Amino acid sequence: MEVLKEKCQKGSVCVEVFKNRIRLRWTHERERYCLYPGLPNNEISGKAALKLASRIELDIACDNFDPTLAKYKSSDQSKKEKKVKQEIDVKPSLSVVSLFDQFTDHKSRYLYRRSLEKYYSLTTYLKTYFQNTLASAIAPKDAEAFIEWLKPKLEPITLKERVVLLRACWNWAIKENLLTTNPWADLPNRIKIPPRQQPKPFSKQELSKILAAFESHEYYNHYLSYVTFRMLTGVRVSEASGLRWSDVHEDFSSIWIGSSLARGDRKLPQHNIRRSNRAFKL
């Protein structure tokens, strides 16, 4: 073992090389301390280690010594130790299903009731496939295997949405110090959604026949105004259902679409404001 600074009197710090790495050793108030500053064995690192040893000795002499050694470590070293501590502190008993349940409960404070249905649907698949598997035990290969199992059950666009939810769940868990890695991180981008053919619109003759059929029908003729309105405006069912008298201009010349109503939940525009916030002339 190479010694860069000989051990001498009480309060001094010994600088030495152990397994080709520099380390500092000393005793203070009957407690032994050992610090690896993360320096390789070379001339420049040796000078830096001697300077650090002098700093520790000065702190001991001035009664300003930090027994946690935090002030004597570099920022990179502190980050590495924090990461290791997080990995140790991860709750190993948290199952995949329990984790996603917690995530769903967290999202329920911000989402509409109907938006949560996809979370509940995904929970059913997670229970069937993973059962009591720990969330911390899920590796990328396990995540990929789950996607392959889920493929025959869902359309590609729905499958991608569900994997995005799982990625968001693991990101949230990492933020909450429940997990340290995300096996779903890159998987949504691997799911390709095939192009879909645009729907063919009705011709004027077909529209006329549809309206005539409603008008003459014994049971459904009361839907004629509703069907005519949707044909002329192109609004969605939820947007038509969400109309209120306050959305109609006072002279009945136009209407304003600013919300939608589906299964009792009224939604305001969020992502596509141009689509959900517009006016129509009547």
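Residues numbered from 1 in each chain as written. Predicted model: local features only at pLDDT ≥ 70, side-chain atom pairs only at ≥ 80, totals over all residues. Heavy atoms only, no water.

(A) Molecular detail of the pattern of salt bridges. In this structure the tally under the stated criterion is 8 salt bridges. The salt bridge partner of E16 is R25, with a shortest N-O separation of 2.6 Å. Looking at E16, the relative accessible area reads 1%, which means it is buried. Between E161 and R162 there is a salt bridge; the shortest N-O distance is 3.6 Å. The class of E161 is partly exposed, set by a relative accessible area of 39%. Given the relative accessible area of 10%, R162 is considered buried. (Salt bridge = Lys/Arg side-chain N within 4 Å of Asp/Glu carboxyl O. Buried < 20%, exposed > 50% of the residue type's maximum accessible area, 1.4 Å probe, protein only.)

(B) Highlighting the packing of helix α3 (residues 96-107) against helix α4 (residues 117-130). The geometry of α3 relative to α4 is characterised by a closest axis approach of 9 Å and an angle of 170° between their N-to-C directions. Relative to α4, the element α3 is oriented roughly antiparallel. Taking contact as the criterion, the partners of V96, V97, F100, D101, F103, T104 and K107 in α3 are, on α4, Y119, Y120, L122, T123, L126, K127 and F130. Taken together, the residues of the contact of α3 with α4 sort by class into 9 nonpolar, 2 polar and 3 charged. (Axes fitted to C-alpha atoms, helices over the stretch in contact; angles between N-to-C directions. Helix = DSSP H or I, 4+ residues; strand = E, 2+ residues; numbered from the N terminus. Parallel < 35°, antiparallel > 145°, perpendicular 65-115°, else oblique. Contact = heavy atoms within 4.5 Å. Nonpolar A, V, L, I, M, F, W, Y, C, P; charged D, E, K, R; others polar.)

(C) Quick peek at the packing of aromatic side chains. Summed over all chains, the structure comprises 17 aromatic pairs. Ring plane angle 40° and centroid distance 6.4 Å describe the contact between Y220 and Y223, whose orientation is recorded as tilted. By relative accessible area, which is 40% here, Y223 ends up partly exposed. Of the aromatic side chains, those joined through ring pairs into one cluster are Y125, Y129, F130, F146, W149, W170 and W184. Sitting above the plane of the W149 ring, K153 keeps its charged end 4.0 Å from the centroid. (Phe/Tyr/Trp six-rings, centres within 6.5 Å; stacked < 30°, edge-to-face > 60°. Lys NZ or Arg CZ within 6 Å of the ring centre and 35° of its normal.)

(D) Quick peek at the side chain of E16. Checked against the element boundaries, E16 lands in strand β2 (residues 14-18). Polar side-chain contacts of E16 include one of 2.5 Å to the side chain of R23. Of the polar contacts made by the side chain of E16, one reaches the side chain of R25; its length is 2.6 Å. (Polar contact = N/O pair within 3.5 Å; in protein donor to acceptor, adjacent residues only side chain to side chain.)

Coordinates in, geometry out; function isn't part of it.
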